Amino acid sequence: MQKKDIFVSDEELNVQRDFAQKVKEIANKKYGRPKANIRTFGCQQNVADSQRIMGMLKDMGYDFVDNSDDADLVIFNTCAVREHAEDRVFGNVGTLVHLKRRKPNTVIGLCGCMMQQEHISKRIKRSFPHVDLVFGTHVVHKLPEMLFKVLSGQGRIFENPDIDGVIAEKIPQVNDSKINGWLPIMYGCNNFCTYCIVPYVRGRERSRNPEDIIADLKEMVANGIKNITLLGQNVNSYDGGITFAELLRKCNEVDGDFVIRFMTSHPKDCSEELLYAMAECQKVEKHLHLPVQSGSSRVLKAMNRHYNRENYLSLVDKAKELMPDLMLTSDIIVGFPSETYEEVKETISLIEKVRYQSLFTFIYSKRKGTPAAEMPDDVSSTEKGKRFRELLAVQEKISEEICKEQVGKTYRVLVEETSRIKGNLYGRTLNNFIVEFEGSEDLVGKFAEIKITSGDTWIIKGKLKG
Ligand code: 5AD
Ligand code: SF4
């Protein structure tokens, strides 16, 4: 595909703006001031998509409510990465039948990764007749047109074309947070890890232009956003005419006091150039989320990860050498088909070598259409559960030790929220520690210097420096 073909044209976006005006008129007549309830499952990419869905809806005259009972439009933005997430969506969609009976004019829509799968959208069509609108990940920008069709009585709409994916710029957004901003820099994934559904539902890798990214970043900074996370399934394969490391340096040059975070880095593409950029850019977090998935080279090969235990460990050594304060986090899968107990032990020994700050741990979930779904598996789920808990216990101990090692240090933290316990605030350090301390609410959204006095398992506590 030619790069220019990836971008949705201005004409197409203008067509959608016209549809948005039509929806505004119809919805106003039908509901008075229409209200929407958007519920997001899954990862930050979905959160970013939901912010655009809300941006378009706002242009169509919708207000937002937290409860589906009060809404004229309900949209679930779904996740397909594990079976459990899908089951939750099916359960929640099932209960919406009562809402539809009570208020037949309510429009029910489903979108996101789950809906990009043909077998899922067929099941919705067959078994959930109260759902009016189903759309996949590649047509989010066409929401005005799809909603127009539903509201003007053209029947149920199912739109999830199986294409490589597009980039739609200049879609309005609603961001409820005054502190955090999610900034997609690329979409899709070309890696086809054998367990993972993402490449099938998010299409091929495509990168936004650096100028568009920087313009969004500047706008966020101008709006007071302090914690900006650059998003991509594999940010290290960013290719917008410059490398990801170069993009980080450009972001770092933007004026203002803010933090630049990013996720996710694939170890096979994590370059030394990136590590140097991280080390040298003062606004960039000193935290690397570097999913290893397994500590066994045999399992990594079966997963199609394109690195082995040794490559990974030397990458970690290099990163730690360049950034003494660096904290690492990771994703781990236990129970990949045919994984033995000895191989889980290899993962545990890798965890002990790297000493992660924290982990996102998952039990393998079979995803229809992926190569791993066809692989034989002879390990019971009870045994997988036992191995999983053994691994968690090791990590818990390491996390606690690392937290305790912070006592006596002084950190600059971005204060993110207040706790329900009066007087407590939570902030985050550049290297990803959550810090609890006492202080007044007007510190939220600002930076503060905190001297660390104690460490728990997952958070550290400290005192505001006067
Ligand atoms: N089963 C369990 N975990 C999975 N992940 C992706 N696919 C699966 C699956 N089929 C995990 C990986 C990935 C994270 C986002 O989700 O660890 O890094
Ligand atoms: Fe899935 Fe692998 Fe792509 Fe990550 S890199 S989204 S785990 S296929």
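For every chain, the first residue of the written sequence is number 1, and numbering continues from 1 onward in sequence order. Ligands are numbered from 1 and chains lettered from A, in the order in which they are written. pLDDT decides what is reported in this predicted model: residues at 70 or higher carry local features, side-chain atom pairs at 80 or more are listed and counted, and totals for whole chains, interfaces and linings draw on all residues regardless. Side-chain figures throughout are based on the complete set of non-hydrogen atoms in the structure, without hydrogens or water.

Some words on the sheet that holds strand 19 (residues 459-464)
Link 1 in the chain: With mixed pairing, five strands are arranged side by side around a closed barrel as 15-16-17-19-18. For this sheet, the mean angle separating the axes of adjacent strands, direction not counted, is 55 degrees.
Link 2 in the chain: Strand direction decides the pairing type here: strand 15 (residues 410-418) and strand 16 (residues 424-429), joined by five bridges, are antiparallel. Considered in strand 16, the bridge of V413 is made with T429. Paired strands, as defined in this entry, are two strands with at least two bridges between them according to DSSP. Each helix is a run of H or I in the DSSP string that is no shorter than four residues. Each strand is a run of E no shorter than two, and both are numbered from the N terminus. In this analysis an axis means a line fitted to C-alpha atoms, helices contributing only their contacting stretch, and an angle means the value between N-to-C directions, from 0 to 180 degrees.

Comments concerning the packing of aromatic side chains
Link 1 in the chain: Ring geometry is summarised as follows: Phe, Tyr and Trp rings, the Trp one being its six-membered ring, pair when their centres sit within 6.5 Å, and such pairs are stacked at plane angles under 30 degrees, edge-to-face over 60 and tilted between the two. One pass over the structure, following the stated rule, counts nine aromatic pairs.
Link 2 in the chain: Both rings, one in Y195 and one in F336, keep their centres 6.5 Å apart while their planes meet at 85 degrees; by these two values the pair is edge-to-face. Here F336 lies in the loop between strand 13 (327-334) and helix 13 (341-354) and Y195 lies in the loop between strand 8 (186-187) and helix 7 (198-202), a separation of 141 residues in the sequence. Note on accessibility: Y195 and F336 belong to one class, buried.
Link 3 in the chain: On the basis of an interplanar angle of 65 degrees and a centroid distance of 5.3 Å, the ring pair of F244 and F262 is categorised as edge-to-face. Pair noted here: F244 is in helix 9 (residues 244-253) and F262 is in strand 11 (residues 259-263), with a separation of 18 residues, a long-range link.
Link 4 in the chain: Only protein chains enter the accessibility calculation, which uses a 1.4 Å probe. A residue is then buried if its area is under 20% of the maximum for its type, exposed if over 50%, and partly exposed in between. For F244, a relative accessible area of 2% gives the class buried.
Link 5 in the chain: Of the aromatic side chains, those joined through ring pairs into one cluster are Y195, F336 and Y364.
Link 6 in the chain: Put simply, a charge is over a ring when the Lys NZ or the Arg CZ is close to the ring centre, within 6 Å, and near the line of the ring normal, within 35 degrees. Residue placement shows K22 over the ring face of F19; its charged tip is 5.0 Å from the ring centre.

Considering the site of ligand 2
Link 1 in the chain: Think of it this way: one heavy atom of a residue within 4 Å of a molecule or strand is enough to make that residue near it. Near ligand 2, the surroundings consist of C189, N191, F192, C193, Y195, C196, V198, P199, Q233, H266 and R305.
Link 2 in the chain: Gly is put with the polar residues, along with every residue not named as nonpolar or charged; the nonpolar set is Ala, Val, Leu, Ile, Met, Phe, Trp, Tyr, Cys and Pro, and the charged set is Asp, Glu, Lys and Arg. A per-class count over the shell around ligand 2 returns seven nonpolar, three polar and one charged.

Some words on the site of ligand 1
Link 1 in the chain: In the vicinity of ligand 1, the contacting residues are V81, R82, Y195, Q293, D331, I333, F362, I363, Y364, S365 and R367.
Link 2 in the chain: Note on areas: these come from Shrake-Rupley sampling with a 1.4 Å probe, and a residue is covered only by the protein chains present in the view. Taking 410 Å² as the accessible area of ligand 1 by itself, protein coverage stands at 86%.
Link 3 in the chain: Here the shell around ligand 1 is composed, by residue class, of six nonpolar, two polar and three charged.

Considerations on empty space enclosed by the protein
The gaps left among the atoms become clear once a water-sized probe is rolled over them.
Link 1 in the chain: Note on definitions: the grid is 1 Å and covers protein atoms alone; a cavity is a set of points where a 1.4 Å probe fits but cannot get out; a pocket is an open set with protein on both sides within 12 Å along at least five of seven lines; lining residues have an atom within 4 Å of a point. Grid points are joined across faces, edges and corners, and a volume is the space filled by probe spheres set on the points. The tally for this structure, following the rule as stated, stands at one cavity of 30 Å³ or more.
Link 2 in the chain: Of the volumes computed, that of the largest cavity is approximately 240 Å³.
Link 3 in the chain: D49, T137, V140, V166 and Y187 are, among the 16 residues lining the largest cavity, the residues nearest its centre.
Link 4 in the chain: For the lining of the largest cavity, the element with the most residues is helix 3 (residues 44-59), which contributes three residues.
Link 5 in the chain: Across the lining of the largest cavity, the residue classes break down as eight nonpolar, four polar and four charged.
Link 6 in the chain: Residue ranges for the domains trace back to a domain assignment, done automatically or taken from a database. Taken domain by domain, the lining of the largest cavity gets at least three of its residues from each of domain 1 (3-159) and domain 2 (180-404).

So, to be careful, I would describe these as geometric facts and stop short of saying anything about function.
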